[in-house]
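So the chains spell out like this:
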Amino acid sequence: MQNPRQIAFLALREVHRRGAFADAALDRAFGNSQLNDLDRRLVTELVYGSVRRMRSIDFIIDKLATKKSSQQPPELRTILHLGLYQLEYLNQIPPSAAVNTTVQLAKENGFSGLSSFVNGLLRQYIRLTDNDLNPLTVTNYKSTVERLGILHSFPEWLVKLWIEQIGETETEQLCEWFNQSPTIDLRINPLKSSIAQIEAAFKTHNISTSRIPNLPQALRLNGSIGAIQNLPGYSEGWWTIQDSSAQLVTHILGAQPGETIIDACAAPGGKTTHSAELMQDEGTIYACDKTASRLKKLKENADRLQMKSIKIHTGDSRHFPEFVNLADRVLLDAPCSGLGTLHRRPDARWRHTPENIQQQSQLQSELLANAATFVKSGGVLVYATCTIHPLENETVIRSFLDSNPHWQIEPPTIDLPVQPSPEGWVKVWPHRHHMDGFFMVRLKQLKNE
């Protein structure tokens, strides 16, 4: 099958009908096709974009159709999403092409009798936007929360939460940031290469890169790059993909050669391998995770980067009595909602609720209490998440410190691209710092008298 829009439709049908994750549905759809790079990029844009902008597109359908989007046949709604996404968000596709290909999709997927409805709705939308009457921008919304939620396509509970933390103006900036395509950052492996060597290698392939201040191993790729494994230095282990925020976590952990490190929730291993690099691969890192398939990915990454200090440990890190008082440093990169990475995970905004965030917070508190027992007297623990929700971050840490008076926050002393808070933790806001949203804090156990 070679029709990119049909492939996008099949992936979106999985997302809407079966609740599949967008990236997994996309991988399966690509597995049954032989598309060139250009068409693969189009399919990726259509699938991620349609999921990301679902609320905005449903709002347009509600305004233009007699039946609300929720009352449309589910597969027809998916087809309308593809057409309206192209018209509203993809300027490079001529409107006529967006309309004609969407009508064709309707005919090919059992909606021949409704193809004139599809054609009429899309053309009505074009007429409105040509006359500056786009429903998204001319509607009188009931509140700022509703306006931002519909215009930028986010659930209202999330918009409300952000407004409470950073105000209306910055919330809109954050929404806009999360609706951009994500950047790709590399982390240079200093045991095998140097940042200058990799910059030169990429330049010979006409790939533009830029450095990131105060992150000595970080290199951001600019523009389109094609398949990752075809880039220079991949198979040699010169670098790995890791967002700048995630690199920041391991620098705050500060592993040293010869130490014993426990990475309590390690897979897929970005921070594990980074620690091995900072330790010059000397010492021991226990990489723990309860999911064997994710640990397999970690082992592949460690092998490609030629790391010898990493030992795989399968299981729930809440049940490892053999680790008590063993480690100089412990990293708990806790499982979280991922609400700092909504640009990378387009469906995450629709999957979470205030209730499951509360459950996540309880799990994080349990993991932290247990991981703290792994640390030697006077040792260090870094707690990190890729979420910006206070319940998963500040609340967890305050609760832990209230219950554990022999622990305290140790503010970072290294130069960072993000300033620590007065409390001593680091919170990365994507729209301010141009990297994934993250929270990280370094905790130190006071030495036994």
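For the structure, check the block above.
A. Focus on helix H16 (residues 354–371). An ideal rise of 1.5 Å per residue puts 26 Å on 18 residues; H16 measures up with 26 Å between its terminal C-alpha atoms. The inward-facing, buried residues of H16 contact helix H10 (156–178), strand E8 (327–333), strand E9 (375–385), helix H17 (394–403) and strand E12 (438–445).

B. Representation of the environment of Gln445. Topologically, Gln445 is positioned in strand E12. In this structure Gln445 comes out as buried when scored by relative accessible area, which is 10%. Spatially, the C-alpha atoms of Gln445 and Ser116 are 69 Å apart, while their sequence positions differ by 329 residues. With residues up to four places along the chain from it excluded, the contact list for Gln445 reads Val375, Lys376, Ser377, Gly378, Gly379, His406 and Trp407.

C. View of helix H13 (residues 270–278). Across the 9 residues that make up H13, a large majority, 7, are buried. Within the sequence span of H13, burial applies to Lys271, Thr272, Thr273, His274, Ser275, Ala276 and Glu277. With its phi angle positive at about 60°, Gln280 sits one or two positions after the end of H13.

D. Quick peek at the pattern of salt bridges. Considering all chains together, one arrives at 23 salt bridges under this definition. The partner of Glu259 in a salt bridge is Arg329, and the shortest N-O contact between them spans 2.6 Å. One end of the pair, Glu259, is in the loop between helix H12 (244–253) and strand E5 (260–263); the other, Arg329, is in strand E8, with 70 residues separating them in the sequence. One exposure class covers both Glu259 and Arg329, and it is buried. Residues participating in the shared-partner salt-bridge network are Arg13, Arg17 and Glu75.

E. Highlighting the environment of Tyr125. Position of Tyr125 relative to the elements: it lies in helix H7 (residues 115–130). On the accessibility criterion, Tyr125 (1% relative accessible area) is buried. Put simply, Tyr125 and Pro321 are 196 residues apart on the chain and 62 Å apart in space, counted from C-alpha to C-alpha. The contact partners of Tyr125, leaving out residues within four places of it in the chain, are Ile60, Leu64, Leu84, Leu87, Glu88, Asn134 and Pro135.

F. Main features of unusual backbone geometry. Across the junction of Ala267 and Pro268, the peptide omega takes the value 0°, indicating a cis bond. Inspection of the secondary structure assignment puts Pro268 in the loop between E5 and H13. At Gln280, a residue that is not glycine, the phi angle is positive and equals roughly 60°. As for its placement among the helices and strands, Gln280 is situated in the loop between H13 and strand E6 (284–289). Of note in this structure, Gln306 is not a glycine but carries a positive phi near 60°.

G. Examining the side chain of Thr139 more closely. In this fold, Thr139 is placed in the loop between helix H8 (135–138) and helix H9 (144–152). Setting aside its immediate chain neighbours within four residues, Thr139 contacts Phe59 and Lys63.

H. Quick peek at the packing of aromatic side chains. One pass over the structure, following the stated rule, counts 12 aromatic pairs. Taken together, a centroid distance of 5.9 Å and an interplanar angle of 35° make the contact between Phe59 and Tyr141 tilted. Residue Phe59 is found in helix H4 (residues 54–64), and its partner Tyr141 is found in the loop between H8 and H9; the two are separated by 82 residues along the sequence. The same class applies to Phe59 and to Tyr141, which are both buried. Here the basic side chain of Arg349 rests over the ring of Phe154, its NZ or CZ set 4.0 Å away from the ring centre. The aromatic ring of Phe21 is capped on one face by Arg351, whose charged end is 3.8 Å from the ring centroid.

I. Looking closely at the packing of H4 against H9. Closest axis-to-axis distance for the H4/H9 pair is 6 Å, and the angle between their directions is 95°. The angle between H4 and H9 falls in the class roughly perpendicular. Contacts from Arg55, Ser56 and Phe59 in H4 reach Gly149, Ile150, Leu151 and His152 in H9. Looking at the contact of H4 with H9 residue by residue, the class counts come to 3 nonpolar, 3 polar and 1 charged.

Cut-offs applied
Residues numbered from 1 in each chain as written. Predicted model: local features only at pLDDT ≥ 70, side-chain atom pairs only at ≥ 80, totals over all residues. Heavy atoms only, no water. Helix = DSSP H or I, 4+ residues; strand = E, 2+ residues; numbered from the N terminus. Expected span 1.5 Å × (residues − 1). Contact = heavy atoms within 4.5 Å. Buried < 20%, exposed > 50% of the residue type's maximum accessible area, 1.4 Å probe, protein only. Salt bridge = Lys/Arg side-chain N within 4 Å of Asp/Glu carboxyl O. Phe/Tyr/Trp six-rings, centres within 6.5 Å; stacked < 30°, edge-to-face > 60°. Lys NZ or Arg CZ within 6 Å of the ring centre and 35° of its normal. Axes fitted to C-alpha atoms, helices over the stretch in contact; angles between N-to-C directions. Parallel < 35°, antiparallel > 145°, perpendicular 65-115°, else oblique. Nonpolar A, V, L, I, M, F, W, Y, C, P; charged D, E, K, R; others polar.

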